[in-house]
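So the chains spell out like this:
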Amino acid sequence: MTIRHMRIFAAVCEYKGATNAAKALHVVQPVVSNAISELESYYGVRLFERINQRLVLTEKGKELLVKAKDIIARFDDFEQMAREGSERPTIRIGCSLTIARCCLAKITRTIGEKYPEIDLRITVNKTYEIENMLMKGDLDFGMIEDKISTVGLRATAFSSDRLAAVCVPDYDFPQSTDIVTLSKQRLLLRDRGSASRDMIDRLFAAHKVNADPIMVSASNSALVAACEAGFGIAVQPELLVRDRIADGRLRETAITDADLSREFYIVMHKNKRLTEMQAKLLDICASCGSLAAPG
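Residues numbered from 1 in each chain as written. Predicted model: local features only at pLDDT ≥ 70, side-chain atom pairs only at ≥ 80, totals over all residues. Heavy atoms only, no water.

A. Broad picture of the overall build of the protein chain. When helices and strands are counted, the protein chain shows 11 helices and 12 strands. For the protein chain, the spread of C-alpha atoms along the principal axes amounts to about 70 × 55 × 30 Å. Relative to its 295 residues, the protein chain shows a buried fraction of 47%. Put simply, 77% of the contacts in the protein chain that link residues at least 6 apart link residues at least 24 apart. Summed over all atoms, the accessible surface of the protein chain reaches about 14900 Å², with 50% contributed by carbon and sulfur. (Helix = DSSP H or I, 4+ residues; strand = E, 2+ residues; numbered from the N terminus. Buried < 20%, exposed > 50% of the residue type's maximum accessible area, 1.4 Å probe, protein only. Contact = heavy atoms within 4.5 Å. Areas by Shrake-Rupley, 256 points an atom, 1.4 Å probe, with all protein chains shown as cover.)

Next comes the structure, spelled out in C-alpha coordinates:
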(Lines give C-alpha, C1' and ligand atoms only; values in the text may rest on other atoms or scores of the structure.)
Protein backbone atom coordinates (compact mmCIF):
# COMPACT_ATOMS: atom_id res chain seq x y z
CA MET A 1 0.00 0.00 0.00
CA THR A 2 1.20 3.52 -0.81
CA ILE A 3 0.64 7.08 0.36
CA ARG A 4 -1.51 7.45 -2.74
CA HIS A 5 -3.98 4.90 -1.32
CA MET A 6 -4.10 6.86 1.96
CA ARG A 7 -4.77 10.13 0.15
CA ILE A 8 -7.56 8.60 -1.92
CA PHE A 9 -9.15 7.02 1.16
CA ALA A 10 -9.06 10.36 2.99
CA ALA A 11 -10.45 12.18 -0.06
CA VAL A 12 -13.40 9.80 -0.39
CA CYS A 13 -14.25 10.47 3.26
CA GLU A 14 -13.82 14.24 2.94
CA TYR A 15 -15.78 14.60 -0.30
CA LYS A 16 -18.39 12.00 0.64
CA GLY A 17 -18.04 9.69 -2.31
CA ALA A 18 -15.80 8.35 -5.02
CA THR A 19 -17.11 10.63 -7.76
CA ASN A 20 -16.48 13.87 -5.83
CA ALA A 21 -13.12 12.58 -4.62
CA ALA A 22 -12.09 11.81 -8.19
CA LYS A 23 -12.93 15.36 -9.26
CA ALA A 24 -10.97 16.83 -6.35
CA LEU A 25 -7.96 14.63 -7.10
CA HIS A 26 -8.20 15.18 -10.87
CA VAL A 27 -8.43 11.49 -11.69
CA VAL A 28 -11.16 9.32 -13.21
CA GLN A 29 -13.63 7.69 -10.86
CA PRO A 30 -12.48 4.06 -11.45
CA VAL A 31 -9.03 5.00 -10.12
CA VAL A 32 -10.61 5.97 -6.82
CA SER A 33 -12.85 2.91 -6.64
CA ASN A 34 -9.93 0.59 -7.44
CA ALA A 35 -7.74 2.15 -4.74
CA ILE A 36 -10.45 1.63 -2.11
CA SER A 37 -10.98 -1.96 -3.25
CA GLU A 38 -7.23 -2.60 -3.09
CA LEU A 39 -7.08 -1.23 0.47
CA GLU A 40 -9.98 -3.36 1.62
CA SER A 41 -8.65 -6.48 -0.09
CA TYR A 42 -5.05 -6.06 1.08
CA TYR A 43 -5.98 -5.61 4.75
CA GLY A 44 -9.09 -7.77 4.73
CA VAL A 45 -11.20 -4.98 6.16
CA ARG A 46 -14.39 -3.25 5.09
CA LEU A 47 -13.91 0.53 5.09
CA PHE A 48 -17.31 1.48 3.74
CA GLU A 49 -20.82 0.13 3.64
CA ARG A 50 -22.60 0.61 0.31
CA ILE A 51 -26.05 1.93 1.30
CA ASN A 52 -28.46 3.26 -1.33
CA GLN A 53 -25.56 3.93 -3.70
CA ARG A 54 -23.75 5.88 -0.97
CA LEU A 55 -20.47 5.07 0.76
CA VAL A 56 -20.86 5.13 4.54
CA LEU A 57 -17.78 4.71 6.76
CA THR A 58 -17.77 1.63 8.96
CA GLU A 59 -16.64 1.91 12.58
CA LYS A 60 -13.30 0.36 11.59
CA GLY A 61 -13.14 2.80 8.67
CA LYS A 62 -13.55 5.72 11.10
CA GLU A 63 -10.66 4.44 13.22
CA LEU A 64 -8.43 3.92 10.20
CA LEU A 65 -9.26 7.36 8.78
CA VAL A 66 -7.64 8.96 11.84
CA LYS A 67 -4.51 6.87 11.25
CA ALA A 68 -4.52 7.65 7.52
CA LYS A 69 -4.60 11.39 8.21
CA ASP A 70 -1.66 11.00 10.58
CA ILE A 71 0.27 9.05 7.93
CA ILE A 72 -0.43 11.72 5.32
CA ALA A 73 0.66 14.52 7.65
CA ARG A 74 3.87 12.71 8.60
CA PHE A 75 4.68 11.98 4.95
CA ASP A 76 4.17 15.64 4.04
CA ASP A 77 6.48 16.61 6.91
CA PHE A 78 9.11 14.21 5.58
CA GLU A 79 8.92 15.72 2.11
CA GLN A 80 9.11 19.26 3.45
CA MET A 81 12.15 18.47 5.61
CA ALA A 82 13.85 16.60 2.77
CA ARG A 83 13.40 19.57 0.46
CA GLU A 84 14.41 22.26 2.94
CA GLY A 85 17.95 22.19 1.64
CA SER A 86 16.80 23.26 -1.82
CA GLU A 87 17.59 26.76 -3.08
CA ARG A 88 14.01 27.96 -2.68
CA PRO A 89 12.10 26.05 0.02
CA THR A 90 8.32 26.38 0.00
CA ILE A 91 6.51 27.29 3.21
CA ARG A 92 2.70 27.35 3.35
CA ILE A 93 0.87 29.51 5.86
CA GLY A 94 -2.88 29.80 6.41
CA CYS A 95 -4.47 32.93 7.78
CA SER A 96 -8.01 33.79 8.86
CA LEU A 97 -9.52 36.92 7.34
CA THR A 98 -9.24 39.30 10.30
CA ILE A 99 -5.63 38.39 11.03
CA ALA A 100 -4.82 38.75 7.33
CA ARG A 101 -6.35 42.23 7.25
CA CYS A 102 -4.46 43.37 10.33
CA CYS A 103 -1.15 41.55 10.14
CA LEU A 104 -0.43 40.08 6.72
CA ALA A 105 1.26 43.11 5.17
CA LYS A 106 3.73 43.31 8.06
CA ILE A 107 4.32 39.54 8.01
CA THR A 108 5.01 39.24 4.28
CA ARG A 109 7.22 42.34 4.26
CA THR A 110 9.30 41.09 7.19
CA ILE A 111 9.70 37.59 5.74
CA GLY A 112 10.60 39.04 2.34
CA GLU A 113 13.30 41.23 3.87
CA LYS A 114 14.82 38.53 6.10
CA TYR A 115 14.40 35.47 3.91
CA PRO A 116 14.04 36.46 0.25
CA GLU A 117 14.92 32.90 -0.80
CA ILE A 118 11.68 31.51 0.66
CA ASP A 119 8.86 30.54 -1.70
CA LEU A 120 6.10 31.79 0.61
CA ARG A 121 2.56 30.59 -0.08
CA ILE A 122 -0.31 32.28 1.79
CA THR A 123 -3.91 31.04 2.01
CA VAL A 124 -6.50 33.44 3.44
CA ASN A 125 -9.82 31.84 4.33
CA LYS A 126 -12.36 31.20 7.07
CA THR A 127 -11.08 29.61 10.25
CA TYR A 128 -12.71 26.24 9.64
CA GLU A 129 -11.23 26.07 6.12
CA ILE A 130 -7.76 26.74 7.53
CA GLU A 131 -8.31 23.94 10.03
CA ASN A 132 -9.36 21.56 7.24
CA MET A 133 -6.25 22.40 5.22
CA LEU A 134 -4.02 21.79 8.23
CA MET A 135 -5.59 18.38 8.79
CA LYS A 136 -5.01 17.45 5.14
CA GLY A 137 -1.38 18.58 5.29
CA ASP A 138 -1.94 21.41 2.80
CA LEU A 139 -0.50 24.00 5.20
CA ASP A 140 2.54 24.01 7.48
CA PHE A 141 0.83 26.15 10.13
CA GLY A 142 -2.01 28.61 10.41
CA MET A 143 -3.03 31.77 12.23
CA ILE A 144 -6.65 31.92 13.38
CA GLU A 145 -8.96 33.76 15.74
CA ASP A 146 -10.84 32.23 18.64
CA LYS A 147 -10.96 28.55 19.55
CA ILE A 148 -10.05 25.64 17.31
CA SER A 149 -12.83 23.14 16.70
CA THR A 150 -10.87 20.30 15.06
CA VAL A 151 -9.52 17.37 17.03
CA GLY A 152 -5.98 16.66 15.89
CA LEU A 153 -4.70 20.24 15.93
CA ARG A 154 -2.68 22.00 18.59
CA ALA A 155 -2.84 25.73 19.25
CA THR A 156 -0.65 28.33 20.92
CA ALA A 157 -2.02 31.77 21.76
CA PHE A 158 0.10 34.67 20.51
CA SER A 159 -2.19 37.71 20.68
CA SER A 160 -5.75 38.79 21.37
CA ASP A 161 -8.55 41.07 20.29
CA ARG A 162 -12.26 41.47 20.96
CA LEU A 163 -15.49 41.88 19.09
CA ALA A 164 -17.29 45.23 19.10
CA ALA A 165 -20.94 46.01 18.40
CA VAL A 166 -20.91 49.24 16.36
CA CYS A 167 -23.37 51.52 14.61
CA VAL A 168 -23.49 55.08 13.26
CA PRO A 169 -23.50 57.79 15.97
CA ASP A 170 -27.16 58.76 15.48
CA TYR A 171 -28.48 55.19 15.35
CA ASP A 172 -31.40 54.64 17.75
CA PHE A 173 -29.62 52.34 20.18
CA PRO A 174 -28.23 52.87 23.70
CA GLN A 175 -24.57 53.25 24.67
CA SER A 176 -24.73 49.92 26.52
CA THR A 177 -26.99 46.89 26.35
CA ASP A 178 -27.18 43.18 27.10
CA ILE A 179 -26.71 40.24 24.78
CA VAL A 180 -30.43 39.38 24.61
CA THR A 181 -31.34 42.90 23.51
CA LEU A 182 -28.52 42.87 20.98
CA SER A 183 -29.82 39.63 19.45
CA LYS A 184 -33.12 41.33 18.58
CA GLN A 185 -31.57 44.18 16.62
CA ARG A 186 -30.95 44.64 12.90
CA LEU A 187 -27.67 42.77 12.90
CA LEU A 188 -24.98 42.73 10.23
CA LEU A 189 -22.91 39.58 10.78
CA ARG A 190 -20.20 37.51 9.16
CA ASP A 191 -21.25 34.23 7.56
CA ARG A 192 -21.18 30.97 9.48
CA GLY A 193 -17.79 29.30 9.69
CA SER A 194 -15.99 32.55 10.39
CA ALA A 195 -14.45 32.88 13.83
CA SER A 196 -16.32 36.08 14.73
CA ARG A 197 -19.71 34.62 13.71
CA ASP A 198 -19.07 31.39 15.58
CA MET A 199 -18.19 33.36 18.70
CA ILE A 200 -21.27 35.60 18.63
CA ASP A 201 -23.47 32.56 17.95
CA ARG A 202 -22.01 30.83 21.02
CA LEU A 203 -22.78 33.90 23.13
CA PHE A 204 -26.37 34.01 21.87
CA ALA A 205 -26.76 30.26 22.51
CA ALA A 206 -25.40 30.64 26.05
CA HIS A 207 -28.17 33.18 26.71
CA LYS A 208 -30.75 30.95 24.99
CA VAL A 209 -31.51 33.38 22.16
CA ASN A 210 -31.15 33.24 18.39
CA ALA A 211 -30.24 36.05 16.03
CA ASP A 212 -31.83 36.68 12.65
CA PRO A 213 -29.34 39.00 10.92
CA ILE A 214 -30.58 41.23 8.11
CA MET A 215 -27.22 40.98 6.35
CA VAL A 216 -24.70 38.16 6.22
CA SER A 217 -21.42 38.44 4.34
CA ALA A 218 -18.02 36.85 3.98
CA SER A 219 -16.61 40.39 3.71
CA ASN A 220 -15.96 42.50 6.79
CA SER A 221 -15.60 45.53 4.52
CA ALA A 222 -19.09 45.05 3.08
CA LEU A 223 -20.58 44.78 6.57
CA VAL A 224 -18.78 47.89 7.79
CA ALA A 225 -19.92 49.83 4.73
CA ALA A 226 -23.53 48.83 5.37
CA CYS A 227 -23.13 49.79 9.02
CA GLU A 228 -21.77 53.23 8.06
CA ALA A 229 -24.84 53.68 5.85
CA GLY A 230 -27.03 53.23 8.93
CA PHE A 231 -28.39 49.86 7.82
CA GLY A 232 -27.94 48.18 11.19
CA ILE A 233 -25.54 47.13 13.95
CA ALA A 234 -22.37 45.29 12.95
CA VAL A 235 -20.44 42.97 15.25
CA GLN A 236 -16.86 43.30 14.09
CA PRO A 237 -13.33 42.68 15.34
CA GLU A 238 -12.39 45.84 17.20
CA LEU A 239 -9.11 45.93 15.32
CA LEU A 240 -10.99 46.53 12.08
CA VAL A 241 -13.24 49.35 13.32
CA ARG A 242 -10.93 51.04 15.81
CA ASP A 243 -10.09 53.96 13.52
CA ARG A 244 -13.74 54.54 12.62
CA ILE A 245 -14.67 54.67 16.29
CA ALA A 246 -11.81 57.07 17.01
CA ASP A 247 -12.77 59.52 14.25
CA GLY A 248 -16.50 59.40 15.01
CA ARG A 249 -17.76 57.58 11.94
CA LEU A 250 -19.00 54.74 14.18
CA ARG A 251 -19.72 54.37 17.87
CA GLU A 252 -19.47 51.27 20.01
CA THR A 253 -22.24 49.89 22.20
CA ALA A 254 -20.88 48.14 25.29
CA ILE A 255 -22.25 44.64 25.96
CA THR A 256 -22.69 44.46 29.71
CA ASP A 257 -23.22 40.74 30.30
CA ALA A 258 -20.87 39.03 27.84
CA ASP A 259 -17.13 38.82 27.35
CA LEU A 260 -16.33 39.58 23.71
CA SER A 261 -12.57 39.14 24.05
CA ARG A 262 -10.79 36.30 22.28
CA GLU A 263 -7.34 34.95 21.50
CA PHE A 264 -5.34 34.70 18.29
CA TYR A 265 -3.68 31.30 17.83
CA ILE A 266 -0.88 29.71 15.86
CA VAL A 267 -2.22 26.27 14.93
CA MET A 268 -0.72 23.18 13.34
CA HIS A 269 -1.30 19.46 13.11
CA LYS A 270 -0.55 17.75 16.42
CA ASN A 271 2.04 15.54 14.70
CA LYS A 272 3.69 18.37 12.79
CA ARG A 273 7.39 18.79 13.37
CA LEU A 274 8.59 22.16 12.14
CA THR A 275 11.75 22.50 10.13
CA GLU A 276 14.24 25.14 11.23
CA MET A 277 13.02 27.59 8.58
CA GLN A 278 9.35 26.96 9.34
CA ALA A 279 10.03 27.69 13.01
CA LYS A 280 11.72 30.98 12.10
CA LEU A 281 8.75 32.05 10.00
CA LEU A 282 6.34 31.03 12.75
CA ASP A 283 8.20 33.31 15.17
CA ILE A 284 7.91 36.20 12.68
CA CYS A 285 4.17 35.60 12.31
CA ALA A 286 3.64 35.55 16.06
CA SER A 287 5.73 38.69 16.57
CA CYS A 288 4.02 40.66 13.79
CA GLY A 289 0.61 39.48 14.87
CA SER A 290 1.11 40.57 18.47
CA LEU A 291 1.79 44.10 17.29
CA ALA A 292 -1.81 44.34 16.07
CA ALA A 293 -3.32 43.67 19.48
CA PRO A 294 -4.79 46.55 21.48
CA GLY A 295 -2.08 48.09 23.53
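B. Up close: the nonpolar core. The biggest cluster of nonpolar side chains holds 31 residues, and the ones touching the most others in it are Ile179, Leu182, Phe204 and Ile233. Elements represented by at least two residues in this core include exactly strand S6 (153-167), helix H7 (179-183), strand S8 (187-190), helix H8 (195-206), helix H9 (220-228) and strand S10 (233-237). The biggest single contributor to this core is S6, with five residues. Ignoring any residue separated from it by four or fewer positions in sequence, one finds leucine 182 in contact with Ala165, Thr177, Leu187, Phe204, Ile233 and Ile255. Counting residues in hydrophobic clusters, the runner-up holds 25 residues, among them Ile111, Phe264, Leu282 and Cys285. (Core = buried A, V, L, I, M, F, W, Y, C linked by side-chain atoms within 4.5 Å.)

C. How the structure looks around the pairing of strand S5 (residues 141-145). Where burial is concerned, most of S5 is hidden: five out of the five residues are buried. Of the two faces of S5, the one lined by Phe141, Met143 and Glu145 and the one lined by Gly142 and Ile144 are each fully buried. Pairing geometry for strand S3 (residues 90-95) and S5, over three bridges, is parallel. Across the sheet, cysteine 95 pairs through a bridge with methionine 143, a residue of S5. Bridging between S5 and strand S12 (residues 261-269) involves four bridges; their strand directions are antiparallel. In the strand pairing of S12, glutamate 145 is matched with phenylalanine 264. (Pairing = 2+ DSSP bridges.)

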